[in-house]
Amino acid sequence: MAIRIDGKTVAAQVLDNVATAATLFEKDFGLKPGLAVVLVGEDPASQVYVRNKIARATESGLNSIEHRLAADTDQQTLDQLVADLNADPSVHGILVQLPLPDHLDEDRIIRAIDPAKDVDGFHPVNVGALHIGEESLEPCTPQGCMIMLEQIHGELSGKHAVIVGRSNIVGKPMAAMLLRANCTVTIVHSRTPNAAELARQADIVVAAVGRAEMIDASWIKPGATVIDVGINVVERPSGNGEAQRKLVGDVNYADVEPQAYAITPVPGGVGPMTIACLMKNTLIAARRLQRK
Ligand code: NDP
């Protein structure tokens, strides 16, 4: 049986460290690390994510400031809010929950956030710094995956990692972080003709595809570690025959688990780590800003 990597437990350890550091920060600087979370519109999934982020921030001793804006908020209003948060010394981290409503320019907002407060790590300055090995704020999801991999393996040097997916928020930064840890990194994507064959050569497979349970045992080398980033809502028949909504990953857990060395579940794997790393980034940003 594979080791089930419990993201909730690892996330709790990260959050404990954040809480301790937040107490010290408050003692040193007379204020709490501040995280501003901006939500535009009523998207139900985004509302859940924001609620969870605010709850974790408060529990970790951060000051969380929530800005809820109507779905028809115009670009100028959002630009102004971001400019105000950039200028506010009590705000150390700014998170604008994505996706934004269609009429708003997401790239423009990502670029408008002060890179020093960009706790999502999406600003081109942070993206570039990560890739050339300079100090940056690193995207939360791949950061969470790295913490879990390092806990399981200790040393990652020399391992072959295959990442399925090349998005800016998961696949690409994941590749940069694994490369920094001296892994041999392969990224496969929708145009890769032999993705499963390449994945089968990997010691570590990171799935970030957005396709429910696409990765089955035929993609996985016996003894490999599997990190499932995917969050997909599917309808499955329940006991009484009615369809029931269920969260599943990009990996077919039941099929892959018997031959993996270690594997993350969905839910309860990468998801909690993403939020924990957001809190960690806020603390890192707060320390750097306060020492400027
Ligand atoms: P994107 O849709 O931005 O990227 C998906 C990637 O998968 C693309 O690079 C795409 O290739 C590739 N892909 C699609 N189909 C295939 C295929 N058949 N074979 C190989 N590659 C394929 O997704 P994200 O990276 O934003 O998210 C991925 C998943 O992770 C989603 O389920 C998302 O909900 C989840 N997620 C979870 C988070 C968490 O905290 N747990 C955080 C962020 C995301 P191409 O580029 O060629 O189109």
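Our structure is the block above this text.
The shown structure was predicted, so the numbers you read here are calculated from the model rather than taken from an experiment.

Caption draft 1: Expanded view of the site of the ligand. Around the ligand, 22 residues are found, and the nearest of them are R166, S167, S190, R211 and T274. At a separation of 3.0 Å, an oxygen atom of the ligand approaches a polar backbone atom of I231. Computed on the free molecule, the ligand has an accessible area of 930 Å², of which 71% lies beneath the protein chains in the complex. Examining the composition of the shell around the ligand, we find that 3 residues originate from one element, helix α10 (residues 270-290), more than from any other. Here the residues of the shell around the ligand sort into 9 nonpolar, 10 polar and 3 charged.

Caption draft 2: A look at the side chain of K53. One can find K53 in helix α2 (residues 44-59). Once you skip the residues sitting within four places of it in the chain, K53 turns out to touch L95, Q97, I275, L278 and M279.

Caption draft 3: Just the packing of aromatic side chains, in detail. Evaluation of the coordinates by the stated rule reveals 1 aromatic pair. Centroid distance F25 to F29: 4.8 Å. Interplanar angle 50°. Geometry classified as tilted. With F25 and F29 both in helix α1 (residues 7-29) and 4 residues apart, this pair spans about one turn of that helix. Look at F25 and you get buried, because its relative accessible area is 2%. Look at F29 and you get partly exposed, because its relative accessible area is 29%.

Caption draft 4: Up close: unusual backbone geometry. Omega for the bond connecting L98 with P99 falls within 30 degrees of zero, at 0°, which places this linkage in the cis form. With respect to the element layout, P99 can be found in the loop between β4 (93-96) and α4 (106-112). Between V266 and the following residue, P267, the backbone shows a cis peptide bond with an omega angle of 0°. Inspection of the secondary structure assignment puts P267 in the loop between β11 (262-263) and α10. Phi is positive for N182, which is not a glycine, with a value near 65°. The residue N182 is located in the loop between α7 (171-180) and β6 (184-188) in this model. One non-glycine residue, E213, adopts positive backbone phi at about 55°. Mapped onto the elements, E213 comes out in the loop between β7 (204-207) and β8 (225-228). Residue E213 is classed as partly exposed on the basis of its relative accessible area, which comes to 24%.

Caption draft 5: The arrangement of the packing of α2 against α10 in detail. Across the interface, α2 lies against α10 with an axial gap of 10 Å and an inter-helix angle of 50°. Compared by their axis directions, α2 and α10 come out oblique. Crossing of α2 against α10: the hand is right-handed. Counting all contacts with α2, which are made through N52, K53, R56 and A57, the residues of α10 involved are I275, L278 and M279. Each residue belonging to the contact of α2 with α10 can be placed in one class, and the counts come to 4 nonpolar, 1 polar and 2 charged.

Caption draft 6: Structural detail: the pairing of strand β9 (residues 232-237). Of the strand pairs in this sheet, β9 and strand β10 (residues 243-248) are connected by 6 bridges, and their pairing is antiparallel. Looking at the pairing, E235 lines up with R245 of β10.

About the thresholds
- Every chain is numbered independently, its residues counted from 1 as its sequence is written.
- Only residues with pLDDT of at least 70 are given local features in this predicted model, and only at 80 or more are side-chain atom pairs given and counted; all residues enter the totals for whole chains, interfaces and linings.
- In computing side-chain values, all of the structure's heavy atoms are included and hydrogens and water are not.
- In this text, near means that some heavy atom of the residue lies within 4 Å of the molecule or strand in question.
- We define a polar contact as two N or O atoms separated by no more than 3.5 Å, with the added condition that, inside protein, one atom must be a possible hydrogen donor and the other a possible acceptor, whereas residues neighbouring each other in sequence contribute only through side-chain atom pairs.
- A 1.4 Å probe and the Shrake-Rupley method give the accessible areas. Residues count as covered only by the protein chains that appear here.
- Strands here are runs of E lasting at least two residues and helices are runs of H or I lasting at least four, both read from the DSSP assignment and numbered beginning at the N terminus.
- In the scheme used here, Gly and all other residues not listed as nonpolar or charged are polar, with Ala, Val, Leu, Ile, Met, Phe, Trp, Tyr, Cys and Pro taken as nonpolar and Asp, Glu, Lys and Arg as charged.
- Note on contacts: a residue pair qualifies if any of its non-hydrogen atoms lie within 4.5 Å across the two residues.
- Side-chain rings of Phe, Tyr and Trp (the six-membered ring for Trp) are treated as a pair once their centres are within 6.5 Å; stacked means planes under 30 degrees apart, edge-to-face means over 60, and tilted covers the remaining angles.
- Exposure categories follow from relative accessible area, calculated using a 1.4 Å probe and restricted to protein chains: below 20% of the type maximum is buried, above 50% is exposed, and the middle band is partly exposed.
- Note on geometry: axes are C-alpha line fits, over the in-contact stretch for helices, and angles between N-to-C directions span 0 to 180 degrees.
- Throughout, the term roughly parallel applies to angles under 35 degrees, roughly antiparallel to angles over 145, roughly perpendicular to angles from 65 to 115, and oblique to all others.
- Note on convention: the crossing is left-handed when the near helix lies turned anticlockwise from the far helix by less than a right angle, right-handed when the turn is clockwise.
- When DSSP finds two or more bridges between two strands, those strands count as paired.

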